[in-house]
Amino acid sequence: MQVAELELDDGGALRPGPGSPPVTHGEVFLLVRRGGRPVATLLGRVPEGADPRAALTALARRHVDAGPEAVPTAVPTAVTVPFTSVVIATRERADRLAHALDSMLAQDHPDFEIVVVDNAPVTDATRLLVERKYAERVRYVTEPVPGLAVAHNTGLAAARGDVVAFTDDDVVADPHWLTELTAPFAADPGLGCATGLILPARLRTPAQVLLESHGGFAKGFTPRTYDPAGPPADEPLFPFTAGRFGSGANMAFRTGVLRAVGGFDPATGAGTLARGGDDLYGFVRVLAQGHRLRYTPRALVWHHHRETWQDLETQAYGYGAGLTAYLTAILVNRPALLPAFLARLPRGFAHARTLTAVRDAEGPDGAAGLPGGHDDRGHPWPRRLSRLQRKGMAYGPVGYLRARRAMRAASRGSVLFEVSGGGR
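Below: a short report on this structure. (Residues numbered from 1 in each chain as written. Predicted model: local features only at pLDDT ≥ 70, side-chain atom pairs only at ≥ 80, totals over all residues. Heavy atoms only, no water.)

Quick word on the packing of aromatic side chains
To keep things clear, this is the line we draw: When the centres of two rings from Phe, Tyr and Trp lie within 6.5 Å, Trp using its six-membered ring, the rings pair. Their planes under 30 degrees apart give stacked, over 60 give edge-to-face, and anything left gives tilted. Helix and strand assignments come from DSSP, with helices taken as H or I runs of at least 4 residues and strands as E runs of at least 2, each series counted from the N terminus. Buried residues are those whose accessible area, probed at 1.4 Å on protein chains only, stays under 20% of the maximum for their type, while exposed residues exceed 50% and partly exposed ones sit between those limits. In this scheme, Lys NZ or Arg CZ marks a charge over a ring once it lies within 6 Å of the ring centre and within 35 degrees of the ring normal.
For the coordinates displayed, the defined rule picks out nine aromatic pairs. Consider the rings of Phe-166 and Phe-253, whose centres lie 6.2 Å apart with planes at 75 degrees: the pair is edge-to-face. Of the two residues, Phe-166 is situated in strand β8 (residues 163-168) and Phe-253 in strand β12 (residues 250-254); the sequence distance between them amounts to 87 residues. Of the two residues examined, Phe-166 and Phe-253, each falls in the buried class. An angle of 25 degrees between the planes, with centres 6.2 Å apart, marks the rings of Phe-253 and Phe-283 as stacked. Of this pair, Phe-253 sits in strand β12 while Phe-283 sits in helix α8 (residues 278-288), and the two are 30 residues apart along the sequence. Comparing Phe-253 with Phe-283, the two get one shared label, buried. What links up through ring pairs into an aromatic cluster is the set Phe-166, Phe-253, Phe-264 and Phe-283. A cation over an aromatic ring shows up here: Arg-137 above the ring of Phe-112, its NZ or CZ 5.5 Å from the ring centre.

What to know about the sheet that holds strand β2 (residues 14-16)
Using the following cut-off: At least two bridges found by DSSP between two strands are what make those strands a pair. Note on definitions: angles span 0 to 180 degrees between N-to-C directions of axes, and those axes are lines fitted to C-alpha atoms, for helices only across the stretch in contact.
A sheet is described by the order of its strands in space; here four strands give the open sequence β2-β1-β3-β4, paired in mixed fashion. Unpaired on one side and paired on the other, β2 and β4 (37-46) mark the two borders of the sheet. Each neighbouring strand pair of the sheet contributes to a mean axis angle of 25 degrees, computed without reference to strand direction. Direction of pairing for strand β1 (residues 2-7) relative to β2: antiparallel, over a ladder of three bridges. By the bridge assignment for β2, Ala-4 is matched with Pro-16.

Shape is all these values report; function is a separate question.
Encoded structure:
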């Protein structure tokens, strides 16, 4: 399936998505923009022999011009943005990292730095890439302990910006990404965190199509502010349904706020026994301190989804494990939140069933739906992936506690080594 983006204003320019060839006939996953800003995604088909731009423009106008996106938001004449540090944690993926860094250096944000954290490297490929191609614009930092949260904490410690933004090494950022993600911090002094829109860079394999068919990482095209002083009526589990707020590939924090809550729990995240949940942990810790969180779909990154069915199975299990691992981490580190959590627990079980449910939309092959709009949050999984996600949810607390013990053992070993070495 092809990935493309179409600008409805200014003559309707059509461009392929990052990593996709020029658009021809066939199925197309289309991002629609108005005034340069993302407003919708659609699934369309270009007939053989038809002009792709004309066919997709007609499709977009039928859907978007009839909806709330028809009236674009006024574009401000000037946007105030804070000095920002962009942190990218990576491990042995220099080829992907190069594309991510190229897109970072093309940002229209006027005042930012880039920090690459090389997590538990086994080769010098990442260091050489940064030194040879990006040394003047990118700072290189190593973190020998494996784990995404550990690497993010290392980046947080190195950050000089008033705001610290995190993304992954397998994304390509829209040129306006950093400006749109960080502008809300200047507008709202009580804002502690911001998240943005994540769309697929390509949909080349069945696994990639399946992931996007069931929601992917996108959270819709409606901006929203989550305020602990006024919990949203449609989020009865707030703030414990942190997955609603965004994902770690597209998030930013006020640096002082994230440092004040202790950063990310190092026993969570990819690369640990907990398997995930570090981003969700950060969201809840910031909200629990009374700070607001802003979701802004104008801040767009394109993500390279995993390509194989085995990758997708691993991801489904990791989703479940990360969810319950981060909840365990929150309660271990902030036991004062336990009463609020227990009060929400009955609805939590219902929410867990909803997350992993297989609905009537599922077809005979176990798949359901096709990628398209992302404002609907009820995307189902096939039964096999639902079972894996439930298994992951059962494992998450155990995985977190094991990861926590492993971190403590490693820390004690490091201290003993330093004392022994210092006595020689």
